[in-house]
Amino acid sequence: LAGDAGLPAAWCPPAAAARREEQPAGGNLRASDVYKADGDEELDRLLDRHEDGQGGGFLREGRDAVFTELFTRLDASYVLGRSDRECLHNLLDLDSDGRAARDLFRRSLKLWYPPLRGKTALIIVDLQNDFVTGSLKVAEGEQAILNTNALRKAFKFDLVAHTRDWHPRDHCSFWDNHEGAEMYSLKELTLPDGTVTEQVMWPRHCVQNSPGSQFHSRLHIEESDVVVSKGLRTEVDSYSGFFDNCKGSETMMRRIMFESGVTQVYVVGLALDFCVGWTSQDAASCGFESYLVADCARAVHPEPDHRKLVADFAAKGVTVIDSSQVPVQRNFKGETAMKLARKLSLWRVELLTTSRSQAQTPDGGPAKEHQEYNRKDSSD
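Since the model is a prediction, treat every value here as computed from it, not as a measurement. (Residues numbered from 1 in each chain as written. Predicted model: local features only at pLDDT ≥ 70, side-chain atom pairs only at ≥ 80, totals over all residues. Heavy atoms only, no water.)

**Points about the overall build of the chain**
Test applied: Starting at the N terminus, helices and strands are each numbered in turn, a helix being any DSSP run of H or I of at least four residues and a strand any DSSP run of E of at least two. Exposure categories follow from relative accessible area, calculated using a 1.4 Å probe and restricted to protein chains: below 20% of the type maximum is buried, above 50% is exposed, and the middle band is partly exposed. By definition in these notes, contact holds between two residues if any of their heavy atoms fall within 4.5 Å. A 1.4 Å probe and the Shrake-Rupley method give the accessible areas. Residues count as covered only by the protein chains that appear here.
Summing up its helical and strand segments, the chain has twelve helices and eleven strands in all. Looking at the 380 residues of the chain, the share that counts as buried comes to 54%. Taking contacts inside the chain between residues at least 6 apart in sequence as the whole, the part at least 24 apart equals 75%. Accessible area of the chain: about 16300 Å², with a carbon and sulfur share of 49%.

As structure tokens, this is what we get:
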């Protein structure tokens, strides 16, 4: 979780304090009542109580005491089991020598412990010309843009990320790259991992640097926004802003969210039944609270009743809301903290065994741009 463990130096907690608007519920922690500013004073007092007095740092017993106290404050009803404690030890003893250095342990706690993270992110999916007015126009796509702009004006998110389809000309999803294929038909394709899937034969859309690939002119973009490109690989489609469709390559999205301290993700854009849906589901699978803001999205196949779609999303950890419900009230639980810890632990292993990012400079746009990288390429 930090440069000391062989990970990027950028994995240090942001200095600015996160927005803390949690309301106490039962025995649950109200973060602003316990930690001041970015948590420095209370966190340091907690660490002072349990640091090893002789060699410095934190032995296993000291870390256990810290975990117990944090979970007591967070959710007194949650009992840390043996597997929970092992997960936390593996996550937070980053040099794996049995003694966690104070500075590294402290930074790692701030990256993991939900009330110290607690930031919000808005993921705006594929609001590009081809999806709004072009070759793959989604009905009422421009209304999704207007609603998204209004949402940004009504609530300030800690992080805003835009995804964009950024396809090469020979992309596998384009119907005219397959002889005899019909537009919108299904064609069996063999993915890079060897599995066979049915690929929708889409009209040619969002070809790199084409007019159709540009963000729509009515979409509000700020200097601090991040742009994440997807669908760069010829041989596999990428609906999600996190992974390609066979999970063979990954964008920078998950890493950006984790290192920014995000716990709560809101997903909007086009189209609800494809890229927006897949992105929100992958956000949930990565350990974030994931909310699909339905009135800021539109579907390729609009239906009068989306009850089944909502139920499918719920089964995969996604809550469907409308913009009037943003922000959703947080109520941190012990289960939430452990879910995030397990996801971060897996993510740490992946970072240590896969390629680092291939972040590129922006090509004239206002926001920072990040490309995909291959998760299975460990040569870097």
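**Describing the nonpolar core**
Condition: As used in this record, nonpolar core signifies buried Ala, Val, Leu, Ile, Met, Phe, Trp, Tyr and Cys residues forming a set joined through side-chain atoms within 4.5 Å.
Counting 86 residues, the largest nonpolar core has Phe105, Leu109, Trp112, Met257, Val265 and Tyr266 as the members making the most contacts within it. Beyond its immediate stretch of four places on either side in the chain, Val265 contacts Ala121, Ile123, Met257, Ala283, Phe288, Glu289, Ser290 and Tyr291.

**Looking at the layout of surface pockets**
So the rule is basically this: For each structure, a 1 Å grid was placed over the protein atoms alone; sets of points admitting a 1.4 Å probe that cannot get out are labelled cavities, open sets with protein on both sides within 12 Å along at least five of seven lines are labelled pockets, and lining residues have an atom within 4 Å of a point. Grid points are joined across faces, edges and corners, and a volume is the space filled by probe spheres set on the points. Residue polarity is assigned by list, with Asp, Glu, Lys and Arg as charged and Ala, Val, Leu, Ile, Met, Phe, Trp, Tyr, Cys and Pro as nonpolar; anything else, Gly included, falls into the polar class.
One number sums up the size of the largest pocket: a volume of about 380 Å³. Gly287, Phe288, Glu289, Thr336 and Lys339 are, among the 20 residues lining the largest pocket, the residues nearest its centre. Contributing elements (two or more residues each) for the lining of the largest pocket: strand E7 (262-270), strand E8 (289-298) and helix H12 (334-353). It is H12 that provides the largest number of residues to the lining of the largest pocket, a total of four residues. Among the residues making up the lining of the largest pocket, the classes are represented as seven nonpolar, eight polar and five charged.

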